[in-house]
Amino acid sequence: KHRPITKDFHFNWRFFRSCYHLWELIYPSFEWAALLTLTTIATAVGREVVNYFSGLNLGKFYSALVGGDQAAFWVVFTSSTLWYIALCGMIAIVKFLASCLYISIRRNAVQRLHSLYFDNGVFYKMNCVDDQGIDNPDQRITQDVEKACNLLANSIIPVVLLCPFTIGWYTYRTFTISGWFGVVSVYGYFIVGTVINRFLISPLAKWSARVERAEGDFRYKHVSVRDHSEEAAFYKASTFEESETDRLFWNLFYQQRALIFWKLPADFFQTFFNFFGGSLSYALQVFPIFIFNSYADVDPNDLPTIISNNSFVLIYLINSFTNLTDLATNIGEFAGYIQRITEFKEVALCHGRNLQIDLDPSDLLGVQIDGGKDNEGANFDEVNEGKNIVELSGVSYAPPTEDGELVSQLTVSVSNSDRLLITGPSGVGKTSLLRCMAQLWPIRSGSLKLGYFPRGVMFLPQRPYFPVGRLSLKQQIVFPIHQNEVPLEEDERITLILHSIGLGRLIITAGDLSNNVDFEWQEQLSPGEQQRLSLARVLFHRPSLVVLDEATASLSELAEKDAYSLLTLEKIGYLSTGHRSSLFQYHDEVLQIDQGGRVTLYPTDEIRY
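Residues numbered from 1 in each chain as written. Predicted model: local features only at pLDDT ≥ 70, side-chain atom pairs only at ≥ 80, totals over all residues. Heavy atoms only, no water.

On to the packing of helix 2 (residues 32-67) against helix 3 (residues 70-118), then. Look at helix 2 against helix 3: their axes get within 8 Å of each other, and the N-to-C directions meet at 160°. Comparing the axis directions of helix 2 and helix 3 gives the class roughly antiparallel. Here the hand of the crossing between helix 2 and helix 3 comes out left-handed. Classifying every residue of the contact of helix 2 with helix 3 by side-chain character gives 27 nonpolar, 12 polar and 3 charged. (Axes fitted to C-alpha atoms, helices over the stretch in contact; angles between N-to-C directions. Helix = DSSP H or I, 4+ residues; strand = E, 2+ residues; numbered from the N terminus. Parallel < 35°, antiparallel > 145°, perpendicular 65-115°, else oblique. Left-handed = near helix turned anticlockwise from the far one by under 90°. Nonpolar A, V, L, I, M, F, W, Y, C, P; charged D, E, K, R; others polar.)

Dropping the structure here:
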């Protein structure tokens, strides 16, 4: 169920709640991310100290030039050059540390989100059962996390966490120059700017999130066209695909245009706030000079130096506040990103609690699942030869997001020596039964007991799956374990398996059994070759039972016969679904599911067409 839910995000209490959730993602413990954050802040404080002393040299330049002291000028010039070299070094180090912080917090966030996404089958439920309104989960883990972490490390943390230090110091210096009036004036200036920004950045969060969703839809469409180019070409679908990609692009265009228009007043106000701050720094000096007469006894030659130093202090206090207001656009976009990430995290946690799926290929034990019950901590039984390794007792099932039942009170047992064929019209629940057996779907009632691959059950779905990444031929065969976990001595057996299923030429195509290739297997192989290579996985792992969901539908009848002969030769029990009449001869029993959920179990010598 894909829920067409368009959620608008704003700069409100949900933003601060999302910040807390993001904190849990990027700072799971005191490690490199936390250390780099503290180091970045400390270095940024050092940069501001160097910047303060380099700024005071401007007043010394005025004094030397007005006084006509050439020697003093060159002393100040040398001193300021050294300060600026130090300042440039500190700026470069802060940027370097901020970049290191970015990759560190992104690593933490991505690893945690991956853990939630792939734990307990959440990725399956989110993409195939009920997405709970989470559009483009891949984009949220990749692009949204990248942009949020980039803004946080390079734009937000160095400014927000440094501001208390700079504002505190320059507030004190401003008080010594213009008293409470100057401090109150600058703080009032900042408060007015904050109130205005509050109204300007709230729409930015909403439109940034909409743009991200539209970007994801547009990108996914092009990925779909790339992955299904041949099918679209056979359908002569160029006009249709162009129309659809244009439609999604125009949706993205309108969302981006709205975001740009909302950025205009925010950008105008930020720019005005920055430039007017320079004038305000001089306006505040009217009071000590003309009203309070604080410098009445000062030598006129020293007054330019004093005015320059005071201006530097005042403008830097104002600049500390304008740095915060300058973050308005960034924080508006950041709010959209992190609220999308937080929404993903919450739905993933919800799915993880509500769906108990164990997809660990290293699990060697069986498990019992009871319909309508919390099966956490269920009793596990070791799978032994000769035992029933799939046992359904009074099982009723249906799609998780639908009411009613496809099949009710189904009872059947399968051992490693059984050969069962599940048949029936399309849509009656054959593949749905396999999903329940694999614990991808919960059962409504009854009890389901099964053993796990590799000593238990291995499932081959209708659509062959070959993980992307230009992986080696060996990796595709030993999947879902990693090839570095497989001894080199197994290479000879893998080669024999490939030749036995008529795919020996793939070793030449790949160039080598173990090295990565420069293509994707899903794009390189025909449907029949994909099903044969999937069969190679079964022959390599040698499970007690393999469940074949129309896994020979793209093979010729001769190739299908060879496939079942190899399974029998390897003493691998099998359970199949399919429509071909040729399948009956390879099975001992038939489980026929008819419309309305009626189920019949009979031997293959009583074939019913």
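Now that the structure has been shown, we can carry on.
Per the UniProt annotation, the sites labelled "transmembrane region" (unreviewed entry) are residues 25-46, 83-105, 151-172 and 178-200. In residues 25-46, the share of helix is 77% and the share of strand is 0%. The end C-alpha atoms are 29 Å apart. Summarising residues 83-105: 100% helix, 0% strand, and an end-to-end C-alpha distance of 32 Å. (UniProt positions renumbered as here; feature names shortened; annotations may be inferred.)

Considering all chains together, one arrives at 24 aromatic pairs under this definition. Measuring from ring centre to ring centre gives 5.6 Å for F218 and F249, while their planes differ by 55°; the resulting arrangement is tilted. Here F249 lies in helix 8 (residues 238-283) and F218 lies in helix 6 (residues 163-227), a separation of 31 residues in the sequence. Residue classification places F249 among the partly exposed residues on the basis of a relative accessible area of 32%. A centroid spacing of 5.9 Å and a plane angle of 35° characterise the contact between W250 and Y254, whose relative ring orientation is tilted. Taken together, the residues span about one helical turn, with W250 and Y254 both in helix 8 at a distance of 4 residues. (Phe/Tyr/Trp six-rings, centres within 6.5 Å; stacked < 30°, edge-to-face > 60°. Buried < 20%, exposed > 50% of the residue type's maximum accessible area, 1.4 Å probe, protein only.)

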